[in-house]
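Remarks on the overall topology
Now for the letters of each chain:
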Amino acid sequence: SYPYIPILPAQLLEVLSSPTPFIIGVHSVFCSELHDLLDVIIADLDGGTIKIPECIHLSPLPEPLLHQAQTALSLVLHPDLEVADYAFPPLRTSLSHIKMLDKEVRAVFLRLFAQIFQGYRSCLQLIRIHAEPVIHFHKAAFLGQRGLIENDFLTKVLNGMAFAGFVSERGPPYRACDLFDELVSFEVERIKEEEKCDTQEALKRVKELAEQLFKNENPNPHMAFQKVPKPTEGSHLRVHILPFPNIKDPKVQELIQEAVHKNQNSAQTARLEKKCIVPAGSPVVSIVDKASTVFNSARRLEVVRNCISYIFENKILETEK
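Quick summary incoming for the structure in this document. Numbering of residues begins from 1 in every chain and follows the order in which that chain's sequence is written. Note on the predicted model: pLDDT of at least 70 is required for a residue's local features to be given, and 80 or more for side-chain atom pairs to be given and counted; whole-chain, interface and lining totals, by contrast, use all residues. Hydrogens are left out, water is left out, and the side-chain values use all remaining heavy atoms of the structure.

Numbering of helices and strands starts at the N terminus; helices are DSSP runs of H or I of at least 4 residues and strands are runs of E of at least 2. Within the chain, the secondary structure is distributed over 10 helices and 8 strands. Look at the contacts in the chain between residues 6 or more apart in sequence, and 61% of them connect residues 24 or more apart. Carbon together with sulfur atoms contributes 60% to the accessible area of the chain, which is approximately 23900 Å² in total. Whether two residues are in contact is decided by their heavy atoms: any pair within 4.5 Å suffices. Per-residue and other accessible areas follow the Shrake-Rupley method at a 1.4 Å probe size, with only the shown protein chains counted as cover for residues.

Set out below in structure tokens:
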């Protein structure tokens, strides 16, 4: 819901002082004019560096998810680093094709989000007293059961507009399911075991997931071929080459009308989405392995703390809730 501008024209550089969040691409010739921006993160795509101003605090991912994500990205982007210290390293592993490499990076983050939001459906409440059903997400219960009540990163994520859209879009119990639903419902426990035991097995699963993502974007792969052959070198100098005939407007219009008529009569082959009951998956569990009693007490303390603060703020309705 915020501005995204691939390339900003020079006349509109003042937009970078906007107080709202944005993603804006700026040509490298204007680098000198970007240093005055105090609260903007600058990612230099040419040099591969990121400049974060001192006034901006970026909350890190909770452990061990941060370490696992970094390890998986290293396996995908720098496979040789994993075996660099071996006395007898295996055969050099080459990087994937650039298209598949993009999908492998996406697969790493898809697995990461599946681990972060694992069990989120058990904290959804469907309220039907309104004209239209309202879906509410119980943030305190989710954070308490995950053992991350004080975690700054996840708290910011759950309070963001993107997560509100995530709940409204994925909250309904009956809808078309996709790859993320399968991951978050059935694969999270296996991902945990892979990350602990075997990095190569984890890399294999990332590649399999990347192939599924690639197939989702390219459901009907076909070989691209050139309809009009490219002229040979120096062909324009040859005498026996016939000149290209003049294009007749009536004939062109006739062909266009014929194609339009054919398209209108042909049945529209749209991909039908099969709706089903969304699998709930396993219940919410802690990211860090601890006894469940700790989270129950943490959840209760959170409720008591909120209740007391509402009393002192004279919010009677909230206190009763």
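Turning our attention to a nonpolar patch on the surface. Within this analysis, patches are made of residues with over 30% relative accessible area and no salt bridge. Like charges are joined at 9 Å or less; nonpolar side chains (Val, Leu, Ile, Met, Phe, Trp, Tyr) at 5 Å or less. The working definition used for a salt bridge is a side-chain nitrogen of Lys or Arg within 4 Å of a carboxyl oxygen of Asp or Glu. A contiguous nonpolar surface patch, about 370 Å² in accessible area, is contributed by Ile41, Ile50, Ile52 and Leu58. With respect to the element layout, Ile41 can be found in the loop between strand E2 (23–24) and strand E3 (42–44).

Before going further, it helps to examine the pairing of strand E6 (residues 134–137). At least two DSSP bridges between two strands are required for those strands to pair. Where strand E5 (residues 124–127) and E6 come together, 4 bridges link them in antiparallel fashion. Looking across to E6, one finds that Gln125 is bridged to His136. Between the end of E5 and the start of E6, which pair antiparallel, lie 6 residues.

We place a 1 Å grid over just the protein atoms. Points where a 1.4 Å probe fits but has no way out form a cavity, open points with protein on both sides within 12 Å along at least 5 of 7 lines form a pocket, and any residue with an atom within 4 Å of a point lines it. Grid points are joined across faces, edges and corners, and a volume is the space filled by probe spheres set on the points. Reported here for the largest pocket is a volume of approximately 1500 Å³. Forming the walls of the largest pocket are 38 residues, and the residues nearest its centre are Phe22, Ile23, Val40, Ile41 and Ile42. Among the elements of the structure, strand E1 (4–5), E2, E3, strand E4 (49–51) and helix H4 (152–159) are those that each provide at least two residues to the lining of the largest pocket. Charged residues are taken to be Asp, Glu, Lys and Arg, nonpolar residues to be Ala, Val, Leu, Ile, Met, Phe, Trp, Tyr, Cys and Pro, and polar residues to be all remaining types, Gly included. The class makeup of the residues in the lining of the largest pocket is 24 nonpolar, 9 polar and 5 charged.

Turning our attention to the pattern of salt bridges. Taken as a whole and judged by the stated rule, the model has 13 salt bridges. Note that Arg106 is salt-bridged to Asp102, the shortest N-O span being 3.1 Å. Of this pair, Arg106 and Asp102 both sit in helix H2 (residues 98–116), 4 residues apart, roughly one helical turn. Residue Arg205 pairs with Glu208 through a salt bridge whose shortest N-O separation is 2.5 Å. Remark: Glu208 and Arg205 occur in helix H7 (residues 199–217); sequence separation between them is 3 residues, near one turn of the helix. Look at the salt bridges and you will find they share partners, linking Asp102, Lys103, Arg106 and Glu217 into a network.

Another point: unusual backbone geometry. The omega torsion of the bond from Glu63 to Pro64 falls at 5 degrees, within 30 degrees of zero and hence cis. Position of Pro64 among the secondary structure elements: in the loop between E4 and helix H1 (65–77). With phi around 65 degrees, Asn314 is a residue other than glycine that occupies positive phi space. When you line up the elements, Asn314 lands in the loop between helix H9 (292–312) and helix H10 (316–320).

The rule is simple: take the accessible area with a 1.4 Å probe, protein chains only, and divide by the maximum for that residue type; under 20% is buried, over 50% is exposed, in between is partly exposed. For helix H3 (residues 139–146), the full list of buried residues reads Ala141, Phe142, Leu143, Gly144 and Arg146. Just past H3, the residue Gly147 takes up positive phi, approximately 75 degrees.

Here we take up H2. A helix's residues, less one, multiplied by 1.5 Å, set its expected span. Taking 1.5 Å per residue, 19 residues should reach 27 Å; H2 reaches 27 Å between its end C-alpha atoms and fits that length. Along H2, the residues that are buried comprise Met100, Leu101, Lys103, Glu104, Ala107, Val108, Leu110, Arg111, Leu112, Ala114, Gln115 and Ile116.

Looking now at the packing of aromatic side chains. Side-chain rings of Phe, Tyr and Trp, where Trp is taken by its six-membered ring, are said to pair if the distance between their centres is within 6.5 Å; with planes under 30 degrees apart they count as stacked, over 60 as edge-to-face, and otherwise as tilted. Within this structure, the stated rule accounts for 8 aromatic pairs. Each ring, one from Tyr120 and one from Phe166, has its centre 5.1 Å from the other, and the planes form 55 degrees; the classification is tilted. Here Tyr120 is found in the loop between H2 and E5, whereas its partner Phe166 is found in helix H5 (residues 161–170), with 46 residues between them in sequence. Here Tyr120 matches Phe166 in class, with each residue buried. Measuring from centroid to centroid gives 5.9 Å for Phe166 and Phe180, while their planes differ by 85 degrees, and the two rings are edge-to-face. Taken together, the residues span a long stretch of sequence, with Phe166 in helix H5 and Phe180 in helix H6 (residues 179–197) at a distance of 14 residues. Phe180 shares its class with Phe166; the two are buried. An aromatic cluster of at least three residues, connected via ring pairs, comprises Phe113, Phe117, Tyr120, Phe137, Phe142, Phe163, Phe166 and Phe180.

What follows covers the environment of Glu104. Positionally, Glu104 belongs in helix H2. A relative accessible area of 3% places Glu104 in the buried class. A C-alpha to C-alpha distance of 8.8 Å links Glu104 and Glu208, two positions 104 residues apart in sequence.

Note that all results are geometric; they support no functional claim without further evidence.
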